[in-house]
Amino acid sequence: MSRNRIDYSRYDESSVPKRPSKRGSRPRTKDRPAHEDAITGRVTTVDRGRYTIFLPAQRKTKSSRGAKARYITAMRAREMRKTAIVTGDLVDVVGDTSGDDGTLARIVRLQPRETVLRRSADDTDAYERIVVANADTLVIVVAAANPEPRTGFIDRAMVAAYDAGITPILCITKTDLAEPDTLREHYAHLKLEIYTIGPVNTDDGDPSLAPILHPADLDALQDRLSGHISALIGPSGVGKSTLLNALTGAERAVGHVNVVTGRGRHTSSSALAIPLNQAGTSMIIDTPGIRSFGMGLVDPDTVVAAFEDLGDAIVNCPRGCTHTEDSPGCALDAWVAAGHAGESGAQRLASLRRLLANRLESEDFD
Ligand SMILES: Nc1nc2c(ncn2[C@@H]2O[C@H](COP(=O)(O)OP(=O)(O)OP(=O)(O)O)[C@@H](O)[C@H]2O)c(=O)[nH]1
Ligand SMILES: [Zn+2]
């Protein structure tokens, strides 16, 4: 599908072309530099020029001895110094890739990104910077109560996800404190996938005890996240750490290293990817310190196109149509009136337009 996308490179030096397809990931032979022996891993976190990289387990073959999953620390090779590399990036590394203490490998290539999430510009930085690469799922975490869920937050996170080509899912925590029904209804027409998470030790227990999350709730979410690279975002206090610990706790022995950072406690404000399996095909990416996703560059066409029963309508819209209620000649109204979006098409369109309008509000996450 070809869309008129904004040229992000004008805004952010760290942009790289999106990967057209899984197959096109190898650079063309004429461009392929040396380093044929490089191996590929995923950046799990970045701290002051040092990249922690998860190398998945490699099966033993005739030409290779195989290897256990491990973390290594690397820096960028000289020719990569101007290339921004973020959590979630797939990189090719050479040098000492043993992961032994004190070793430092070199990143010689950045693989094309499938998706990017940007954090918004703020007082300290005028640019929307890429903070997570290659996530295919965005888990939007809100509490049923304490703090009260805010639909504005959820809406903007959804728009950021759709714009980035990422599937958003909603995870409602603290279901012991309130029924999540109102939220469910609010999003029913958008067909947003919703998971609920509650504790087994409700109210009557000692409030100083950490909540133990319900295994059935966790299983359902874990199943959904398996085989995916998922970024987690949520306002402060919703129980994100509790959830992350529950989801990843059982897997801390992966690769026999501290799976959280590979190197002790996580202190940088960079996003942090936590592998859930040895193959590195399932990961959860925590996004601490990211208050909101960058939406200054959101393309309304891309967001509408994410809705399969509405996206086809917009070829008939005037050039530059923003698809809002007051956009003159927006073809979505006629499309829905003609029944192309089904019986609840009107509500669905209203919900979509609410998303598009809410993205322009500059409210922070917390
Ligand atoms: N009642 C109830 N409390 C919970 C639940 N999950 C977490 N909490 C409590 O909510 C508070 C916040 O939980 P955290 O896991 O620290 O939340 P967080 O989202 O990581 O918060 P920040 O660190 O501020 O970002 C803690 O006191 C938890 O014990 C739950 O399911 N029910
Ligand atoms: Zn339109």
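Conventions adopted
Residues numbered from 1 in each chain as written. Chains lettered and ligands numbered in written order. Predicted model: local features only at pLDDT ≥ 70, side-chain atom pairs only at ≥ 80, totals over all residues. Heavy atoms only, no water. UniProt positions renumbered as here; feature names shortened; annotations may be inferred. Near = heavy atom within 4 Å. Polar contact = N/O pair within 3.5 Å; in protein donor to acceptor, adjacent residues only side chain to side chain. Areas by Shrake-Rupley, 256 points an atom, 1.4 Å probe, with all protein chains shown as cover. Nonpolar A, V, L, I, M, F, W, Y, C, P; charged D, E, K, R; others polar. Pairing = 2+ DSSP bridges. Helix = DSSP H or I, 4+ residues; strand = E, 2+ residues; numbered from the N terminus. Axes fitted to C-alpha atoms, helices over the stretch in contact; angles between N-to-C directions. Donors = N, O, S within 2.8 Å, 3.2 Å for Na, K, Ca; no water. Tetrahedral: all angles 85-135°; square planar, octahedral: opposite > 155°, others 65-115°. Core = buried A, V, L, I, M, F, W, Y, C linked by side-chain atoms within 4.5 Å. Buried < 20%, exposed > 50% of the residue type's maximum accessible area, 1.4 Å probe, protein only. Parallel < 35°, antiparallel > 145°, perpendicular 65-115°, else oblique. Contact = heavy atoms within 4.5 Å.

- Naming follows an unreviewed UniProt entry, where the protein chain appears as Small ribosomal subunit biogenesis GTPase RsgA of Enteractinococcus coprophilus.
- In its Subunit (unreviewed entry) section, the UniProt record describing the protein chain reads: "Monomer. Associates with 30S ribosomal subunit, binds 16S rRNA."
- The annotation that UniProt attaches to the protein chain under Sequence similarities (unreviewed entry) is "Belongs to the TRAFAC class YlqF/YawG GTPase family. RsgA subfamily."

### What about the site of ligand 1?
Thought 1: With respect to spatial proximity, 13 residues lie near ligand 1, and among them Asp176, Ser236, Lys240, Ser241 and Thr242 are the closest.
Thought 2: One of the backbone N or O atoms of Lys240 is found 2.8 Å from an oxygen atom in ligand 1.
Thought 3: Within the side chain of Ser241, one N or O atom sits 2.5 Å away from an oxygen atom of ligand 1.
Thought 4: Here ligand 1, which alone exposes 650 Å², has 64% of that area covered by the protein.
Thought 5: Of the residues that constitute the shell around ligand 1, the class distribution is 5 nonpolar, 5 polar and 3 charged.

### Here we look at the sheet that holds strand S4 (residues 90-95)
Thought 1: Spatially, S1-S2-S3-S5-S4 is the arrangement adopted by the 5 strands of the closed barrel, whose pairing is mixed. Here the average twist between neighbouring strands, direction ignored, is 55 degrees.
Thought 2: Pairing between strand S3 (residues 70-76) and strand S5 (residues 105-110): 3 bridges, direction parallel. Considered in S5, the bridge of Arg76 is made with Ile107.

### Some thoughts on the coordination of the zinc ion (ligand 2)
Thought 1: Distances from the zinc ion (ligand 2) to its protein donors, namely Cys317 (SG), Cys321 (SG), His323 (ND1) and Cys330 (SG), fall within the range 2.1 to 2.4 Å.
Thought 2: One can describe the donor arrangement at the zinc ion (ligand 2) as tetrahedral, given that its 4 donor atoms subtend angles of 101 to 120 degrees at the metal.
Thought 3: In the primary structure, the donors to the zinc ion (ligand 2) are separated according to the pattern C-x3-C-x1-H-x6-C. Highlighted residues: Cys317 in the loop between helix H6 (308-311) and helix H7 (332-337) and Cys330 in the loop between H6 and H7, separated in sequence by 13 residues.

### Description of the nonpolar core
Thought 1: If you look at the biggest cluster of nonpolar residues, it comprises 57 residues, and the most contacted ones within it are Leu138, Ile140, Ile154, Met158, Leu170 and Tyr187.
Thought 2: When residues of this core are assigned to their parent elements, the largest contribution, 9 residues, is made by helix H1 (residues 151-164).

### Remarks on the packing of helix H3 (residues 215-225) against helix H4 (residues 240-248)
Thought 1: Viewed as axis vectors pointing N to C, H3 and H4 meet at an angle of 75 degrees, and their least axial separation amounts to 11 Å. Relative to H4, H3 is oriented roughly perpendicular. In this structure, H3 contributes Leu218, Leu221, Gln222 and Leu225 to the contact, and H4 contributes Leu243, Ala246 and Leu247.
Thought 2: Residue composition of the contact of H3 with H4, grouped by class: 6 nonpolar, 1 polar and no charged.

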